[in-house]
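Each chain, letter by letter, is given below.
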Amino acid sequence: MSKIRHLHSINFILWLSFLIFAAFIIMFTWVFQTTLLKVFLSKQMSDDLNSFGKVAYERLRIELPVQENMQDIERCVETLQSNDRAATVYLFAADAQILFPVSEGEEVYSFSVPEEDNGTILSSEQIDFLRAKESFLAGFTDDLKSASGIPLLLENNRFCYIAYLGDPVSVESADGSSGAYLFIEYSTELVDTAMGTMRVQLVLISIIVIFLALVISVLLSIKLTKPITRITRAAKQMAEGDFSVNFKGEYSYDEMEQLAETLDYAKEEIGKSDQLQKEVLANVTHDLKTPLTMIKAYASMIQEISGNDPAKRAKHTQVIIDESDRLTSLVNDILNLSKIRSGMDSLKISNFNLSEFVHEVLERFSYLTETQGYTIVREIEDDLFSEADAEKIEQVVYNLVGNAVNYTGEDKKITVGLKRTDKGLRFTVSDTGRGIPEEEIKTIWDRYYCSSETHKRPIKGTGLGLSIVKTILLKHGFDFGVESEVGKGSTFYVIFPDK
C-alpha cells in the first residue's frame, strides 16, 4: 500500500513529468537532427551542386574541344573550384576514359570491376561516372544536345552532377554513346564531420538535460511539498483534537496561502462545533438528569408520604407529569435537530398563505395574553403567500415567538411583523428584553443559550430552539438573522420568498 501511495505522490509525479518532458525534448532534437536536418542539408547540397554544375556546364561548353585548349580548361576548372572547394570537376569520355584532369605519375586508388567482362580496371571515379551516366541517360529520350545536367545521389549519400558536353573531337552522337561528359563529385566530408560533431554534442546535451531535469524536479518537488507536508502534519494534530495548531506560515505561492487560510477557518469552525457539542452535551445531560431526579423523588414521595392524601398525591403526580413532558420535549427537539441536520427529514414544499399561517401560530400563545399579562402586537399584512415546508416553518415561528416571550422585558411586550419588501416577505419577532451583546450575535444560533438563564420562563424550552430554527432555515436557503442592542431588546427576522 505504501509503495502504491508513493507512486501517486507529488514528488514522484513531478519527477516523472520532468523526466518525460526532458526525454520528449531530446527525442524531438534527435529526430530533427537525424531526419529533418539531414533532409534539409541534402536539399541544400543538391541545390548548391546544381547551381555550381550549371555554371561549370555553360563555361566548359565554350572551352571544348579538349585537345585544342586543355590549358584553358584547367584555368576554367581552377577558377570554378576556387569558388567551392567541396566540388571536384572531371571530364569523361563516354567509355569512362578520364579526359580531365590528366596527371602523369599520379596514383589513384582503384579496384577491378569487370565491364562487359573484359577485365578493365576502373577507378572509383570512373565507376561513379558510369553509374551516374546510366541514371542520366535513363532520364532522357530526346536529343542529349538539348539536355542540361542534373544532380544525382550516389551510394553512401554522396552527391554528383553529370551533364553531356558533346564530342571533344567534333564527332557527336545523339544517343550519348560517344562524346564528353561533365562529371562533378561533391564532397560531403564537411557535412558528415559536422553531423558527427553534432551527434556527440547531442549526446552530451542529452546527459546534461536529463541530469538537470532530475535535479530540478527533486528540488522543485521538495519546495512544493514542504508546505503540504507541514499542513498535513498540522491537520493530523487537529484530527487528534488539538485545535491550537496554526496552518498559516510563509509560503512561496498564493494557493498554499489560501489553503492555509481555509484550513485555519475550518479549524476555528470545527473548534466552535466541538465546543458547542460539549456544551450541548453538558446541558442536555443536566436537563435530562433534572427531570429524572424529580420524577424519581416525587414517585418516592407518593409511595412514602402522600399515597393516602389525595391533594398531595395530585400535586406530586402533576410534577411527575410536567417533568415527563419536559423530558419528552427535550428528546423530541434533539431528534428533530438530528433528523434535519442529517438530511433524513426531507422538505415538503408547498404554497400557502403565510399571513394566515402566522396568525394561527400566534393563537397558541393567547393563554399568555389572557392569564399572564403578555401583549403580542401583530403587524401582519394580509394575503402574503410563500413557498416552504409549512410544518417546519411552524417550528420556526413558534420557536422565535417562544424565545421572545422568554426574554422580553418587564412590560411583557412582543411585536410580530410580516410585510412585503424588495427582498421578499420579511417576518420579524421583537422583544424588549436586555438584548444580545455584539460579540455573541454571531454565535447566538449555535449556543445552548437559554440554559444559562435562571429566571422563571412562561414557555418551557430545551435550549435548542434557535439551533432548530437555524437548521431549518439553512435547509430552505432562506436569509435570516438578528438585530439587537443591549438594553433595548432584540429583533429576529426571516426573509421568505414572495409567491
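Residues numbered from 1 in each chain as written. Predicted model: local features only at pLDDT ≥ 70, side-chain atom pairs only at ≥ 80, totals over all residues. Heavy atoms only, no water.

The next thing to look at is the packing of aromatic side chains. Here a ring pair, both rings aromatic, is described through the centre-centre distance and the interplanar angle of the planes. The full count for this structure, using the stated rule, is 12 aromatic pairs. Note on Phe-136 and Tyr-181: the rings are 6.5 Å apart at their centroids and 90° apart in plane angle, and the pair reads as edge-to-face. You can see Phe-136 sitting in helix α4 (residues 124–138) and its partner Tyr-181 sitting in strand β7 (residues 180–186), a full 45 residues away along the chain. Given the relative accessible area of 0%, Phe-136 is considered buried. What makes Tyr-181 buried here is its relative accessible area of 0%. Here a set of aromatic residues connected by ring pairs shows up, and it is made of Tyr-90, Phe-92, Phe-129, Phe-136, Tyr-164, Tyr-181 and Phe-183. In this arrangement the basic side chain of Arg-426 is found over the ring face of Tyr-493, its NZ or CZ atom lying 4.5 Å from the centre. (Phe/Tyr/Trp six-rings, centres within 6.5 Å; stacked < 30°, edge-to-face > 60°. Helix = DSSP H or I, 4+ residues; strand = E, 2+ residues; numbered from the N terminus. Buried < 20%, exposed > 50% of the residue type's maximum accessible area, 1.4 Å probe, protein only. Lys NZ or Arg CZ within 6 Å of the ring centre and 35° of its normal.)

Two modes of strand pairing occur in sheets, parallel and antiparallel, and in both the strands are linked by backbone hydrogen bonds. One open sheet holds the five strands; their spatial order is β2-β1-β7-β6-β5, and the pairing between them is antiparallel. Each having just a single partner strand, β2 (98–100) and β5 (150–153) make up the two edges of the open sheet. Neighbour-to-neighbour, the strand axes of the sheet open up by a mean angle of 35°, direction not taken into account. Here two bridges tie strand β1 (residues 87–93) to β2, and the two strands are oriented antiparallel to one another. (Pairing = 2+ DSSP bridges. Axes fitted to C-alpha atoms, helices over the stretch in contact; angles between N-to-C directions.)

Across the interface, helix α8 (residues 354–363) lies against helix α10 (residues 390–407) with an axial gap of 10 Å and an inter-helix angle of 50°. Classified by the angle their axes make, α8 and α10 are oblique. Crossing handedness for the pair α8 and α10: right-handed. Here α8 contributes Phe-357, Val-361 and Leu-362 to the contact with α10, which in turn contributes Ala-390, Ile-393, Glu-394, Val-397, Tyr-398 and Val-401. For the contact of α8 with α10, the residue count by class is eight nonpolar, no polar and one charged. (Parallel < 35°, antiparallel > 145°, perpendicular 65-115°, else oblique. Left-handed = near helix turned anticlockwise from the far one by under 90°. Contact = heavy atoms within 4.5 Å. Nonpolar A, V, L, I, M, F, W, Y, C, P; charged D, E, K, R; others polar.)

Our next topic: unusual backbone geometry. Omega for the bond connecting Phe-100 with Pro-101 falls within 30 degrees of zero, at 0°, which places this linkage in the cis form. Among the structural elements, Pro-101 can be located in the loop between β2 and β3 (110–112). In this structure, Ala-96 takes a positive phi of about 80° despite not being glycine. Within the element layout of this structure, Ala-96 appears in the loop between β1 and β2.

Turning our attention to the pattern of salt bridges. Enumeration according to the criterion identifies nine salt bridges in this entry. The partner of Glu-363 in a salt bridge is Arg-378, and the shortest N-O contact between them spans 3.0 Å. Of this pair, Glu-363 sits in helix α8 while Arg-378 sits in strand β9 (residues 375–380), and the two are 15 residues apart along the sequence. On the accessibility criterion, Glu-363 (45% relative accessible area) is partly exposed. For Arg-378, a relative accessible area of 34% corresponds to the partly exposed category. (Salt bridge = Lys/Arg side-chain N within 4 Å of Asp/Glu carboxyl O.)

A word on the environment of Val-245. Inspection of the secondary structure assignment puts Val-245 in the loop between α5 (189–239) and α6 (254–304). Val-245 sits in the buried class, given a relative accessible area of 8%. For the pair Val-245 and Ile-231, spaced 14 residues apart in sequence, the C-alpha separation works out to 9.7 Å. Sequence-distant contacts of Val-245, defined by excluding residues within four places in its chain, comprise Ala-234, Gln-237, Met-238, Asp-264 and Lys-267.

Geometric descriptors of this kind do not, in isolation, establish any biological role.
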